[in-house]
Amino acid sequence: ALRGRPVVLAMVYTSCENACPVIVEDLQRIERALPPAQRERVTFALVSFDPARDTPAALAAYRHQRGLERGRWHLLTGDAEEVLELAAVLGMKYAPDGYGGFSHSSLITVLDDEGVVRHQQVGVNQDPARTVAVLRGLLGS
């Protein structure tokens, strides 16, 4: 459904108080680093790996809370098996931590306009320059 333009995607869960807010901030930093004309041609997606709690209403509230622009930002989830399959394809790992949260990878993935993985940024608070360069290359500039 997101084909036709580059996608910057991360898997998170909205009740996370540690890495996930930083991952979202990293995505917003990537977004801000793109010139406005290019920014409009990129989709940003957050996929929750906590579908039990991250209902459409919870995702809508999170969008509002984080100031994520509708249209350019997509907040998604699916059934547990679909989410696990996407995580496996991306090399994303997550597991319940025993305290109501999750231990998980911190990974931002850039997909080209056909959905092929072109780049991954590992860790939080990383310099977005390489990710932005990959996006600019995909956009033809």
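Located above this text is the structure these notes cover.
Cut-offs used in this document
- Residues numbered from 1 in each chain as written.
- Predicted model: local features only at pLDDT ≥ 70, side-chain atom pairs only at ≥ 80, totals over all residues.
- Heavy atoms only, no water.
- Buried < 20%, exposed > 50% of the residue type's maximum accessible area, 1.4 Å probe, protein only.
- Helix = DSSP H or I, 4+ residues; strand = E, 2+ residues; numbered from the N terminus.
- Pairing = 2+ DSSP bridges.
- Right-handed = clockwise from strand over helix to strand, strands pointing away.
- Patch = residues over 30% accessible without salt bridge, like charges linked within 9 Å, V, L, I, M, F, W, Y side chains within 5 Å.
- Areas by Shrake-Rupley, 256 points an atom, 1.4 Å probe, with all protein chains shown as cover.
- Salt bridge = Lys/Arg side-chain N within 4 Å of Asp/Glu carboxyl O.
- Lys, Arg positive; Asp, Glu negative; His and termini not counted.
- Charge placed at Lys NZ, Arg CZ, Asp CG, Glu CD.
- Phe/Tyr/Trp six-rings, centres within 6.5 Å; stacked < 30°, edge-to-face > 60°.
- Axes fitted to C-alpha atoms, helices over the stretch in contact; angles between N-to-C directions.
- Contact = heavy atoms within 4.5 Å.
- 1 Å grid on protein atoms, 1.4 Å probe; cavity = no way out; pocket = protein on both sides within 12 Å on 5 of 7 lines; lining within 4 Å.
- Points joined across faces, edges and corners; volume = space filled by probe spheres on them.
- Nonpolar A, V, L, I, M, F, W, Y, C, P; charged D, E, K, R; others polar.

(A) Here's a closer look at the pairing of strand S3 (residues 73-76). What you see with S3 is a clean split: Trp-73 and Leu-75 sit on the buried side and His-74 and Leu-76 on the side with no burial. Two elements, strand S2 (residues 43-48) and S3, share 4 bridges in a ladder whose sense is parallel. Of the residues in S3, the one forming a bridge with Leu-46 is Leu-75. Regarding the hand of the β-α-β motif, the stretch spanning S2, helix H3 (residues 56-66) and S3 is right-handed.

(B) Expanded view of a negative patch on the surface. Together, Asp-79, Glu-81, Glu-82 and Glu-85 line one region of the surface with negative charge. Residue position: Glu-81 is located in helix H4 (residues 80-90).

(C) Geometry of the packing of aromatic side chains. Considering all chains together, one arrives at 6 aromatic pairs under this definition. Seen in terms of ring centroids, Phe-49 and Tyr-94 are 4.5 Å apart; in terms of plane orientation they differ by 20 degrees. Their pairing is stacked. Here Phe-49 is found in the loop between S2 and H3, whereas its partner Tyr-94 is found in strand S4 (residues 94-96), with 45 residues between them in sequence. Note on Phe-49: relative accessible area 3%, which makes it buried. Ring plane angle 70 degrees and centroid distance 6.1 Å describe the contact between Tyr-94 and Phe-102, whose orientation is recorded as edge-to-face. Here Phe-102 falls in the buried class, since its relative accessible area comes to 16%. A connected cluster of aromatic rings, assembled from ring pairs, spans Tyr-13, Phe-49, Tyr-94 and Phe-102.

(D) Quick peek at the sheet that holds strand S6 (residues 107-111). The mixed open sheet is built from 5 strands, whose spatial order is S3-S2-S1-S6-S7. With partners counted over all chains shown, the strands left at the sheet margins are S3 and strand S7 (117-122), one partner each. Mean inter-strand twist for the sheet, computed between neighbouring axes without regard to direction, equals 20 degrees. Set on the sheet, helix H1 (residues 19-33) makes contact with strand S1 (7-12), S2, S3, S6 and S7; between it and S1 the angle comes to about 170 degrees. Contacts from H3 reach S2 and S3, with the element oriented near 145 degrees to S3.

(E) Fine view of the layout of surface pockets. Considered as a void within the structure, the largest pocket measures approximately 430 Å³ in volume. Ala-1, Leu-2, Leu-9, Leu-86 and Leu-111 are the residues nearest the centre of the largest pocket, which is lined by 20 residues in total. Secondary structure elements with two or more residues in the lining of the largest pocket: S1 and H4. Top contributing element to the lining of the largest pocket by residue count: H4, with 6 residues. Broken down by class, the residue content of the lining of the largest pocket amounts to 12 nonpolar, 3 polar and 5 charged.

So, to be careful, I would describe these as geometric facts and stop short of saying anything about function.
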